[in-house]
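# Notes for the structure review
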Amino acid sequence: MARLPKPLGVVPLGDLAAYVEFSRTLDLEVNSVAQRLAAAIVALGDPRIRDVVPALGGVAVHFDPAYAGDVLAAAGQLVEQCMKQGLPDADDLGRDLEVPVCYDAEFALDMKELSEKLKLAPEEIARRHAAGEYRVLMVGFAPGHPYIGGLDPKLAVPRRDAPRALVPAGSVAIANQQTAVYPYAISGGWSIIGRTPLNGFDATRPRPSLFAPGDRVRFKTIGMRDFLSIRERQ
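Residues numbered from 1 in each chain as written. Predicted model: local features only at pLDDT ≥ 70, side-chain atom pairs only at ≥ 80, totals over all residues. Heavy atoms only, no water.

Take the pattern of salt bridges next. Applying the stated criterion to the full structure yields 14 salt bridges. Among the ionic pairs, Arg-50 bridges to Asp-64, the shortest N-O distance being 3.1 Å. Of this pair, Arg-50 sits in strand S3 (residues 49-54) while Asp-64 is found in the loop between strand S4 (58-63) and helix H2 (71-85), placing the two residues 14 residues apart along the sequence. The exposure class of Arg-50 is exposed, given its relative accessible area of 54%. Here Arg-160 makes a salt bridge to Glu-113, at a shortest N to O gap of 3.5 Å. Placement of the pair is Arg-160 in the loop between strand S7 (146-149) and strand S8 (164-167) and Glu-113 in helix H3 (residues 111-118), with a sequence separation of 47 residues. For Arg-160, a relative accessible area of 24% translates into the label partly exposed. Its relative accessible area of 41% is what places Glu-113 among the partly exposed residues. (Salt bridge = Lys/Arg side-chain N within 4 Å of Asp/Glu carboxyl O. Helix = DSSP H or I, 4+ residues; strand = E, 2+ residues; numbered from the N terminus. Buried < 20%, exposed > 50% of the residue type's maximum accessible area, 1.4 Å probe, protein only.)

Dropping the structure here:
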């Protein structure tokens, strides 16, 4: 069994939350531990806890407003307890998701620029992106916005120098070693290579976000006709 990392520290997030930090840089093994730890804390069913949110390199523990104790100490104790008891297996977390993506030029707003920069044809960029096996590292920045690891290294590009004020809902984008799906129209600085007809976030659904940390994601190439058909059924 791999040795579990020790927290670098526990810091406050306001008065009723604490962030347990394990790494300040992206480490996929640490990210997996953070997700497993978050699941273990939730499984405790502690009435003091309002929410548990795994991040790229740590876990945020949110406490109920009625809790009057030491938030930092309580979070540290919960982590220690779960580490001692053992964490769930990573394969038992998350779901398998297939996300249809249309890579047509109408949706792939940055494909031409990327093609020149990467020296790959647009069709090859789309093929490589759809061929990957991905995992959701965290959901953040905005509700339902996933950071998804597993991008082909040959597609790795920095964020855009000038972010867009408004990225269309469903846009599929890449930056560095990750890909993302914009859940609704928001600002963003990643390079857009396609769009999914799926609704990434709906507050009226029992599970508002399409994506959750630990989900295993595959992208499926579709044409415009299928895109419009799926979108009509959403």
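Tracing the sequence through the fold places Arg-233 in helix H5 (residues 224-233). Considering only alpha carbons, one finds Arg-233 and Glu-113, 120 residues apart in sequence, at a separation of 33 Å. Separated by 2.8 Å, the side chains of Arg-233 and Ser-229 make a polar contact. (Polar contact = N/O pair within 3.5 Å; in protein donor to acceptor, adjacent residues only side chain to side chain.)

The next point concerns the side chain of Asp-110. Within the element layout of this structure, Asp-110 appears in the loop between strand S5 (96-102) and H3. Classification of Asp-110 by relative accessible area gives buried; the value is 3%. Setting aside chain neighbours within four positions, we find Asp-110 in contact with Arg-160, Arg-164, Trp-190, Ser-191 and Ile-192. (Contact = heavy atoms within 4.5 Å.)

Moving on to unusual backbone geometry. Positive phi, normally seen in glycine, also occurs at Lys-119, with a value near 60°. With respect to the helices and strands, the residue Lys-119 is situated in the loop between H3 and helix H4 (122-131). Classification of Lys-119 as exposed rests on a relative accessible area of 72%.

Relative orientation of the contacting elements helix H1 (residues 28-44) and H2 amounts to 100°, with a least axis distance of 10 Å. In this view, H1 runs roughly perpendicular relative to H2, as classed from their interaxial angle. Contacts between H1 and H2 involve Val-33, Leu-37, Ala-40, Ile-41 and Leu-44 on the former and, on the latter, Leu-78, Val-79, Gln-81, Cys-82, Met-83 and Gln-85. (Axes fitted to C-alpha atoms, helices over the stretch in contact; angles between N-to-C directions. Parallel < 35°, antiparallel > 145°, perpendicular 65-115°, else oblique.)

Here we come to the side chain of Thr-179. Mapped onto the elements, Thr-179 comes out in strand S10 (residues 178-181). For Thr-179, a relative accessible area of 0% corresponds to the buried category. Polar contacts involving the side chain of Thr-179 include one to the side chain of His-129, which spans 3.0 Å. Excluding residues that lie within four positions of it along the chain, Thr-179 makes contacts with His-129, Tyr-134, Pro-146, Tyr-147, Ile-148, Val-172, Ala-173, Ile-174, Trp-190 and Phe-219.

So, on to the nonpolar core. Tyr-103, Phe-211 and Phe-219 are the most contacted members of the largest nonpolar core, which totals 26 residues. Residue assignment for this core shows that the elements contributing at least two residues are S5, H3, H4, strand S6 (134-139), strand S9 (171-175) and strand S13 (216-222). With 23 residues, the next largest nonpolar core counts Ala-34, Ala-38, Ile-41 and Leu-87 among its residues. (Core = buried A, V, L, I, M, F, W, Y, C linked by side-chain atoms within 4.5 Å.)

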